[in-house]
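The residues making up each chain are set out below.
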Amino acid sequence: MSEITVLPVRTRKQQRQFLELPWKLYRDDPNWIPPLRGQQAELVGYRPHPFWRRNQIQTFLGYRGGMACGRIAAILNYDHIECHKEERGFWGFFESVNDPEVFAGLFDAVRRWFAERGIRKLRGPMNPSLNYTLGLLIEGFDRPPSFMMTYNPPYYPELVERYGFHKAQDLYAYEGWVEQLPAIAARYGPPVHQIIEAMGIKLRPLDRARFLEDVEAFIELYNRSLQGTWGFVPMSREEVRHVAKSLRYLLVPELAIGAEINGRLVGATLCLPDYNPRIKAINGRLFPFGFIRLLSNKTAIKRVRVLSTNVAPEYQRMGVGLVLLHGLIPKALEWGIEEAEFSWVLESNRLSRGSLEKGGAKRTKTYRIYDLDD
């Protein structure tokens, strides 16, 4: 068998090989969902994206016998280094055939790239940071992922760990079903109304008249609410605006709820329809007609992902999150939602995990972030 060669991506041809490799590796996997092609090109730095105005990336391709068989990105996140006072490099956008030599070759290339910059510790996968898709799937291979969640073959965790990586943090996905809603409403309705009255909370959906401004406000709240969370680095102002624009046509205003006190946004929850079956049908291509197929008749999508529920730090542990989720119930019933995934939830976030489990949600998938401390 020929040797493995790992090369830094330099040319447009190599960029195309990097982006197209998953279609080759997953062609026989019914659970794989292709990425949106244009978005993927932005996130790996082949097209402009605000994240790369400050941070740095180098992508690599692994070859055997002249054929691409693996890929990886080395990600230098200056914001993480500054925020956490930690010299650590990140890896992401990883894909490979089931071959320990390919895994080792790709990780060796990333380690050398960071060693040249004085960095020895690694963490991943991040695609490209905690604010986007991340983690290796280690449990829950029996069904496709939800929208904007990762997927990989079952052999990835074993070979990553064989290389020397160890668990840094797990992330969980929970599922709930419409049949549970009446019992949840009956159980939590009275205390929720007491919290609303005592704190003067006003619930409202996203404002269609000032949609982008509202989405930006929700994402800025996300930044504030996660202060002190494991590994978190706030998104820049430019990133907030970029993400808000990308969500403009994906979000459903009725499924995005804000909590205000005295006119100030103190909490928000964002839900997205699970577009993944449609993304698979269009094979990740939005143009020329995929965009229409993706977004038409959203009410036909009966599964949603609860992307985040965020509360301003000074109002956390005061029941605002419970109020937000309770406020979604009538909207979910009106929409005809049949099931929801709450993802992702950090293993260390005992408050959110406890609330979901008490409400009857079932943990269905586990994702893992790995560290290598040289």
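Please refer to the structure higher up on the page.
Let us look at the structure shown here. (Residues numbered from 1 in each chain as written. Predicted model: local features only at pLDDT ≥ 70, side-chain atom pairs only at ≥ 80, totals over all residues. Heavy atoms only, no water.)

## Considerations on the overall build of the chain
Within the chain, the regular secondary structure consists of twelve helices and 15 strands. Over its C-alpha trace the chain gives a radius of gyration of 21 Å, about what one expects of a compact globule, namely 21 Å for 374 residues. Overall, the C-alpha framework of the chain stretches about 70 × 45 × 35 Å when taken along its three principal axes. Residues classed as buried in the chain amount to 54% of the 374 residues present. Contacts spanning at least 24 positions in sequence make up 76% of the contacts within the chain whose residues lie at least 6 apart. In the form shown here, the chain has an accessible surface area of approximately 17300 Å², with 52% of it arising from carbon and sulfur atoms. In the chain, 51 side chains carry a positive charge and 42 a negative one; their mean positions are 3 Å apart. (Helix = DSSP H or I, 4+ residues; strand = E, 2+ residues; numbered from the N terminus. Rg over C-alpha atoms; globule rule 2.2 N^0.38 Å. Buried < 20%, exposed > 50% of the residue type's maximum accessible area, 1.4 Å probe, protein only. Contact = heavy atoms within 4.5 Å. Areas by Shrake-Rupley, 256 points an atom, 1.4 Å probe, with all protein chains shown as cover. Lys, Arg positive; Asp, Glu negative; His and termini not counted. Charge placed at Lys NZ, Arg CZ, Asp CG, Glu CD.)

## Observations regarding the side chain of His-49
Here His-49 lies in the loop between helix 2 (37-43) and strand 2 (56-64). Given a relative accessible area of 6%, His-49 falls into the buried group. A distance of 3.0 Å separates the side chain of His-49 from the backbone nitrogen of Phe-51, its partner in a polar contact. Those residues in contact with His-49, other than ones at most four positions away along the chain, are Glu-42, Leu-43, Tyr-132 and His-242. (Polar contact = N/O pair within 3.5 Å; in protein donor to acceptor, adjacent residues only side chain to side chain.)

## With respect to the nonpolar core
If you look at the biggest cluster of nonpolar residues, it comprises 123 residues, and the most contacted ones within it are Trp-91, Phe-107, Phe-165 and Val-320. Of all the elements, helix 4 (residues 100-115) adds the most residues to this core, at eight residues. Setting aside chain neighbours within four positions, we find Val-320 in contact with Met-199, Ile-201, Ala-259, Val-266, Gly-267, Val-311 and Tyr-315. (Core = buried A, V, L, I, M, F, W, Y, C linked by side-chain atoms within 4.5 Å.)

## Regarding the environment of Phe-107
As for its position among the elements, Phe-107 is in helix 4. The exposure class of Phe-107 is buried, given its relative accessible area of 0%. In this structure the C-alpha to C-alpha distance between Phe-107 and Ala-281, which are 174 residues apart in sequence, comes to 33 Å. Other than its neighbours up to four places away in sequence, Phe-107 contacts Ile-72, Trp-91, Phe-94, Val-160, Tyr-163 and Phe-165.

## Some thoughts on the packing of aromatic side chains
Scanning all chains against the criterion turns up 25 aromatic pairs. Both rings, one in Trp-91 and one in Phe-94, keep their centres 5.8 Å apart while their planes meet at 75°; by these two values the pair is edge-to-face. In this structure, Trp-91 and Phe-94 share a single accessibility class: buried. The positively charged end of Arg-117 is found above the aromatic ring belonging to Trp-113, 3.8 Å away from the centroid. Positioned above the aromatic ring of Tyr-172, the side-chain terminus of Arg-363 is 4.0 Å from the ring centre. (Phe/Tyr/Trp six-rings, centres within 6.5 Å; stacked < 30°, edge-to-face > 60°. Lys NZ or Arg CZ within 6 Å of the ring centre and 35° of its normal.)

## A few points about the pairing of strand 14 (residues 339-346)
Of all eight residues in strand 14, six are buried, a share of seventy percent or more. In this structure, strand 9 (residues 166-177) lies alongside strand 14, joined through seven bridges in antiparallel fashion. The partner of Ala-173 across the bridge, within strand 14, is Ser-343. With respect to chirality, the unit in which strand 13 (residues 303-311) leads through helix 11 (residues 320-335) into the neighbouring parallel strand 14 is right-handed. (Pairing = 2+ DSSP bridges. Right-handed = clockwise from strand over helix to strand, strands pointing away.)

## Observations regarding the packing of helix 7 (residues 211-225) against helix 8 (residues 237-247)
Between helix 7 and helix 8, the shortest axis-to-axis distance is 9 Å and the interhelical angle comes to 130°. When the interaxial angle is binned, helix 7 and helix 8 end up oblique. Considering the relative orientation of helix 7 and helix 8, their crossing is right-handed. Note on element contacts: helix 8 touches helix 7 through Arg-237, Val-240, Arg-241, Val-243, Ala-244, Lys-245 and Leu-247, opposite Phe-211, Leu-212, Val-215, Glu-216, Ile-219, Glu-220 and Asn-223. Taken together, the residues that form the contact of helix 7 with helix 8 break down as eight nonpolar, one polar and five charged. (Axes fitted to C-alpha atoms, helices over the stretch in contact; angles between N-to-C directions. Parallel < 35°, antiparallel > 145°, perpendicular 65-115°, else oblique. Left-handed = near helix turned anticlockwise from the far one by under 90°. Nonpolar A, V, L, I, M, F, W, Y, C, P; charged D, E, K, R; others polar.)

## Some points on a nonpolar patch on the surface
Taken together, Tyr-249, Phe-287 and Phe-291 make up a surface patch of nonpolar side chains, about 350 Å² in accessible area. By the secondary structure assignment, Tyr-249 is in the loop between helix 8 and strand 11 (256-261). (Patch = residues over 30% accessible without salt bridge, like charges linked within 9 Å, V, L, I, M, F, W, Y side chains within 5 Å. Salt bridge = Lys/Arg side-chain N within 4 Å of Asp/Glu carboxyl O.)

## Considering helix 1 (residues 12-25)
Side chains that are three or four residues apart share a direction in an α-helix, a result of its 3.6 residues per turn. Given a rise of 1.5 Å per residue, 14 residues ought to cover 20 Å, and the 20 Å separating the end C-alpha atoms of helix 1 matches this to within 8%. The largest bend in helix 1 is about 40°, located at Leu-19, with the proline Pro-22 one to four residues further on. Each element contacted by the buried residues of helix 1 is listed here: strand 1 (4-8), helix 2, strand 2, strand 3 (67-76) and strand 4 (88-96). (Expected span 1.5 Å × (residues − 1). Bend = angle between axes of the 7 residues up to and from the residue.)

## Examining the pattern of salt bridges
Overall, the coordinates contain 26 salt bridges when judged by the stated rule. Here Glu-314 ties to Arg-264 by a salt bridge, and the two come within 2.5 Å at their closest N and O atoms. You can see Glu-314 sitting in the loop between strand 13 and helix 11 and its partner Arg-264 sitting in strand 12 (residues 264-273), a full 50 residues away along the chain. When its relative accessible area of 41% is taken as the criterion, Glu-314 is described as partly exposed. When its relative accessible area of 34% is taken as the criterion, Arg-264 is described as partly exposed. One network of salt bridges, with partners in common, ties together Arg-143, Glu-175, Asp-274, Arg-303, Glu-339 and Glu-341.

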